[in-house]
Amino acid sequence: LWVKGLEEDPERGDVVLVAPDSRWDGVAQDSAGSFTELMRWLRLGAAPPGSQVITRIIGGPGDEVRCCSPSGQLLVNGKPVPTPGGNEAFRVVLSNGLYFVATDSMSPGSSSCYLSSLRRAALISTDQIKGRVVRAGWPWARRPLDPARAPYTGVPTGGPVPAAPIIESAKDPYC
């Protein structure tokens, strides 16, 4: 991956490198199958504490992120985005300088685990974003990431930006 420092605020759909809050370590618990257990035993299943994370910006200031559509996708300002949701319902309205992030292949319950456990610390602030991923090269081809942003660019603009983030999430029993 080629990562470039931020020159402007990130946009919905951007893939970014973030330094998450240290409280993220070990929050989401997925259902562990034998392969997952093997990966953890090999220390390949989870990032070491203090690692930076590659993730996608799902929502920014003024956006409402809600779980979930009938098909299990996250909703941003009422429109489904191609990011899987979770098991528990939640709603987040983002204030200035805060972003909701998720991976493209979240395990069920990840977002609700982070929100119910960490509240405000589950969101990413601008200063935690270390750069934007501008290209991916695997195995040797350099590939722009712009086509992957397309589903996020058609989302309507968010509403008024609250002074503080609004987080509505029940405690997820799977966390």
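As shown above, the structure is provided for reference.
This write-up is about the structure you can find in this document. For every chain, the first residue of the written sequence is number 1, and numbering continues from 1 along that sequence. Local features in a predicted model are, by the rule used here, given only for residues with pLDDT of at least 70; side-chain atom pairs are given and counted only at 80 or more, and totals for whole chains, interfaces and linings are based on all residues. To obtain the side-chain values, all non-hydrogen atoms of the structure were included, while hydrogens and water were left out.

## Concerning the overall build of the protein
The number of helices and strands found in the protein is three helices and twelve strands. Here the term buried applies to any residue with accessible area under 20% of the maximum for its type, exposed to any over 50%, and partly exposed to those in between, with areas from a 1.4 Å probe on protein chains only. Looking at the protein as a whole, 39% of its 175 residues are labelled buried. Residue pairs in contact within the protein that sit at least 24 positions apart in sequence constitute 75% of those at least 6 positions apart. Surface accessibility follows the Shrake-Rupley procedure with a 1.4 Å probe radius. Residue values consider only the protein chains on display as shielding. Accessible surface, the protein: about 9,600 Å² in total, of which carbon and sulfur atoms supply 54%. Labels follow the DSSP assignment, with helices taken as runs of H or I lasting at least four residues and strands as runs of E lasting at least two, numbered in each case from the N terminus. Residues count as neighbours in contact if any of their non-hydrogen atoms are within 4.5 Å of one another.

## Some remarks on the sheet that holds strand β5 (residues 73–76)
One open sheet accounts for five strands, arranged β6-β5-β4-β7-β12; its pairing is antiparallel. At either end of the open sheet lies a strand with only one pairing partner, and these are β6 (79–84) and β12 (166–169). Strand-to-strand twist across the sheet, computed as the mean angle between neighbouring axes with direction ignored, equals 20°. Bridging between β5 and β6 involves three bridges; their strand directions are antiparallel. In the strand pairing of β6, Val76 is matched with Lys79. Pairing between two strands requires that DSSP report at least two bridges joining them. To get an axis, fit a line to the C-alpha atoms, keeping to the stretch in contact for a helix; angles then go from 0 to 180 degrees between the N-to-C directions.

## Details of the environment of Val53
Summarising the element assignment, Val53 is placed in strand β3 (residues 53–59). The spatial distance from the C-alpha of Val53 to the C-alpha of Ala19 is 6.4 Å, given a sequence separation of 34 residues.

## Focus: the environment of Val3
Mapped onto the elements of the fold, Val3 is located in strand β1 (residues 2–4). Separated by 129 residues in sequence, Val3 and Arg132 place their C-alpha atoms 5.4 Å apart. Beyond its immediate stretch of four places on either side in the chain, Val3 contacts Leu17, Gly131, Arg132 and Val133.

## Re the state of the cysteines
Pairs of cysteine sulfur atoms within 2.5 Å are identified as disulfides in what follows. For the structure shown, the criterion picks out one disulfide. Disulfide pairing places Cys67 opposite Cys68 at an S-S distance of 1.9 Å. Between Cys67 and Cys68, the disulfide has an S-S torsion of -60° and is therefore left-handed. Take Cys68: its relative accessible area is 26%, and that puts it in the partly exposed class.

## A word on the pattern of salt bridges
Take a side-chain nitrogen of Lys or Arg and a carboxyl oxygen of Asp or Glu: if they are within 4 Å of each other, that pair is a salt bridge. Within this structure, the stated rule accounts for six salt bridges. A salt bridge links Arg66 to Glu64; its shortest N-O distance comes to 3.0 Å. Classification of Arg66 as partly exposed rests on a relative accessible area of 34%. Beyond isolated ion pairs, a larger network of salt bridges with shared partners links Glu64, Arg66, Arg91 and Glu168.

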